[in-house]
Amino acid sequence: MTLEENITVIKVRNVLMVAMPAEPGDLTVSTMQEQVLRAMEKYEARGLVLDISLVDTVDSFFARTIAETAQMVALLGGLTVISGMRPSVAITVTQLGLTLGNALTALNVDRALDLLMDIAERS
Amino acid sequence: MAAEEQGEVKIHVEGDIVAVRKVVRSVATQMGFGITDVTRIVTAASELARNIFLYAGSGIMEWHVLRLKGRSGIELSFIDLGPGIPNVSLVMQEGYTTSGGLGMGLPGSKRLMDELDVWSEIGKGTTVTIRKWKKA
């Protein structure tokens, strides 16, 4: 039996951060979405950084959940940045014809935070 | 040391999709596929394992190492005894979906692999087989 992992959402200044564990199963992916929405409500954050640098495989379920989550975050007034996507994952996601909705992307967590702070400053 | 040349993974619960990914990743990596090809193969396997779970409830994935004219390849067969696919050519079309946007991922999986074959009979079941060959 596979043990699904807990998802921790932390708040850094006004931004939520989640680090996806390696090889996330469907339950872990769905839990991420739930936890993000709860945290958005609780902290009134202006954005989410979802780090997937440990993730080897992004299939259609994960991609769809990311896109949905980004949409929900947007409805709550926030912006989503996906950080740390591996090149092999980027190639595969593109070839599968998947999109990440309105989520932005950044090479790593530092750049993701810079991006969110940048955008927040201008608005 | 002789490596395993075939095996199978039962697909009964959602958690088995991760089990499929782990086994396929291990086999493909041991066969010497590059990281990008390993990712393609694992992702296609994930999509097809998920299809079994979504449409048939349960099934099995069989994997084989193929050897042909000095080249090696990986073959994965996703077998279920589910309802079958009424119109295979329809589901092979881009964008066709029956489960509220989830889609069958067949065209996408075909793009990720070298070969994709579908056998299906209404009321009997479906077998989707995919293959990828290592570059010589």
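Overview of the structure.

Scoring rules and cut-offs
Residues numbered from 1 in each chain as written. Chains lettered and ligands numbered in written order. Predicted model: local features only at pLDDT ≥ 70, side-chain atom pairs only at ≥ 80, totals over all residues. Heavy atoms only, no water. Helix = DSSP H or I, 4+ residues; strand = E, 2+ residues; numbered from the N terminus. Expected span 1.5 Å × (residues − 1). Buried < 20%, exposed > 50% of the residue type's maximum accessible area, 1.4 Å probe, protein only. Contact = heavy atoms within 4.5 Å. Buried area = accessible area lost by both parts, 1.4 Å probe. Salt bridge = Lys/Arg side-chain N within 4 Å of Asp/Glu carboxyl O. Polar contact = N/O pair within 3.5 Å; in protein donor to acceptor, adjacent residues only side chain to side chain. Nonpolar A, V, L, I, M, F, W, Y, C, P; charged D, E, K, R; others polar.

### Let's talk about helix α2 (residues 60-75) of chain A
One turn of an α-helix holds 3.6 residues; hence residues three or four places apart share an orientation.
Step number 1: Between its first and last C-alpha atoms α2(A) spans 22 Å; for 16 residues at 1.5 Å apiece the expected length is 22 Å, and the two agree.
Step number 2: Taken residue by residue, α2(A) has A:Ser60, A:Phe62, A:Ala63, A:Thr65, A:Ile66, A:Ala67, A:Thr69, A:Ala70 and A:Val73 as its buried positions.
Step number 3: Looking at the packing, one finds that the buried side of α2(A) touches α1 (26-43), β3 (47-51) and β4 (79-83) of chain A together with α2 (35-56) of chain B.
Step number 4: The first or second residue beyond α2(A) is A:Gly77, which carries a positive phi of 85 degrees.

### Structural notes on the interface of chain A and chain B
Step number 1: Facing 19 residues of chain A, the contacting portion of chain B comprises 22 residues.
Step number 2: Interface area, chain A with chain B, both sides summed: about 1,800 Å², of which 49% is carbon and sulfur.
Step number 3: The largest share of the area that chain A buries against chain B comes from A:Glu23, A:Gln95 and A:Leu96, three residues that together contribute 29% of it.
Step number 4: Summed over the shared surface of chain A and chain B, the number is six salt bridges.
Step number 5: Across the salt bridge formed by A:Asp26 and B:Arg50, the nearest N and O atoms sit 2.6 Å from each other.
Step number 6: Linking chain A to chain B there are eleven residue pairs in polar contact (both at pLDDT 80 or more).
Step number 7: Among the elements of the structure, α2 and α3 (87-95) of chain A are those that each provide at least two residues to the side of chain A that touches chain B.
Step number 8: Here the residues of the side of chain A that touches chain B are counted per class, giving six nonpolar, eight polar and five charged.

### Overview of unusual backbone geometry
Step number 1: Positive phi values are uncommon outside glycine, yet A:Glu44 reaches one of about 50 degrees.
Step number 2: The topology assignment puts A:Glu44 in the loop between α1 and β3.
Step number 3: Even without being glycine, B:Lys69 reaches a positive phi, approximately 50 degrees.
Step number 4: With respect to the helices and strands, B:Lys69 occurs in the loop between β2 (59-68) and β3 (71-80).

### Description of the side chain of B:Thr126
Residues and elements named next belong to chain B.
Step number 1: Structurally, the position occupied by Thr126 is in strand β5 (residues 125-133).
Step number 2: Looking at Thr126, the relative accessible area reads 6%, which means it is buried.
Step number 3: One polar contact links Thr126 to Ser120, side chain to side chain, over a distance of 2.9 Å.
Step number 4: Leave out the neighbours within four places in its chain, and Thr126 touches Phe78, Ile79, Asp80, Gly84, Ile85, Val118, Trp119 and Ser120.

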